[in-house]
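If you want the building blocks of each chain, they are given just below.
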Amino acid sequence: MRRAGEHSWRARAFAWAMARGTGPYERWMAERKRSLLGGLSGEVVEIGPGSGVNLSYLPRDVRWTGIEPNPHFHSYIRKEAARMDRPVRLKAGLAEDLGMEDASVDAVVGTLVLCSVDRVEAVLEEILRVLKPGGRFCFLEHVAAPQGSWLRRLQRGVCPVWSSLLDGCRPDADTPERIARAGFSQLKWEEFQAPLPVVSPHICGFAQKGRESA
């Protein structure tokens, strides 16, 4: 992920646009997010929470910590938390270094995050480290289209400009393969098509840490 504390105009503009322009997408994903996040409990860490849109899907008794490297998102998160009258903890850290104890977290949440991470394997390793045995990494991500498809070629072609405009997001991210190799004991996800140009292929599900893990 990008450096914590970045104050560029691009970071500010991205936060402003995401806070105001994701309404249709959230309506499309609402049912999936309710199913994915509604049963979580205990200590929950969300990486890259953006403007805090996922707070409304989490049970009120969840103890939520957000790790958001773009400081321009923080005011939006606090505003959303205040609107819901729920306490939150917010850090301007990186998903590659969460700064938490081993096996201390019940769940990690990440939606539309891994597409913009430079070191995906390092992020997944860190998630496994902080999860308690039996804990879950819950994710919803847009992913690369199948190899050889016209959409995959389009994703690859527009990637440089797309990534520059959208804070490092890669439309051709090979996220499923990386999660599958990360060392989780159980994986469960669904593939579906979202009504979006270029990044329509999506996955939604969870990866669970083995209960025998220390």
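The rules behind these values
- Residues numbered from 1 in each chain as written.
- Predicted model: local features only at pLDDT ≥ 70, side-chain atom pairs only at ≥ 80, totals over all residues.
- Heavy atoms only, no water.
- Buried < 20%, exposed > 50% of the residue type's maximum accessible area, 1.4 Å probe, protein only.
- Helix = DSSP H or I, 4+ residues; strand = E, 2+ residues; numbered from the N terminus.
- Pairing = 2+ DSSP bridges.
- Salt bridge = Lys/Arg side-chain N within 4 Å of Asp/Glu carboxyl O.

Student: Sorry, what's going on with the pairing of strand β2 (residues 63-67) here?
Tutor: Remember that side chains alternate between the two faces of the sheet whenever the strand is regular. Most of β2 is tucked away, with 4 of its 5 residues classed as buried. Two strands pair when backbone bridges link them, and β2 and strand β3 (residues 89-91) are joined in this way by 3 bridges, in the parallel orientation. Each residue of the ladder has a partner; that of T65, found in β3, is R89.

Student: Which parts of the structure should I look at to understand the pattern of salt bridges?
Tutor: Any two side chains of opposite charge can pair, so long as their charged atoms come close to each other. Per the counting criterion, the structure on display carries 12 salt bridges. One salt bridge in this structure joins E31 and R34, with 3.1 Å as the shortest N-O distance. Pair noted here: E31 and R34 are both in helix α2 (residues 23-37), with a separation of 3 residues, about one helical turn. Overall, the relative accessible area of 45% leaves R34 in the partly exposed class. Here E43 ties to R63 by a salt bridge, and the two come within 2.6 Å at their closest N and O atoms. Taken together, the positions of E43 in strand β1 (residues 43-47) and R63 in strand β2 put the pair 20 residues apart, joining distant regions of the chain. Residue R63 is classed as partly exposed on the basis of its relative accessible area of 43%. One salt-bridge network, in which partners are shared between bridges, spans E121, D174, R178 and R181.

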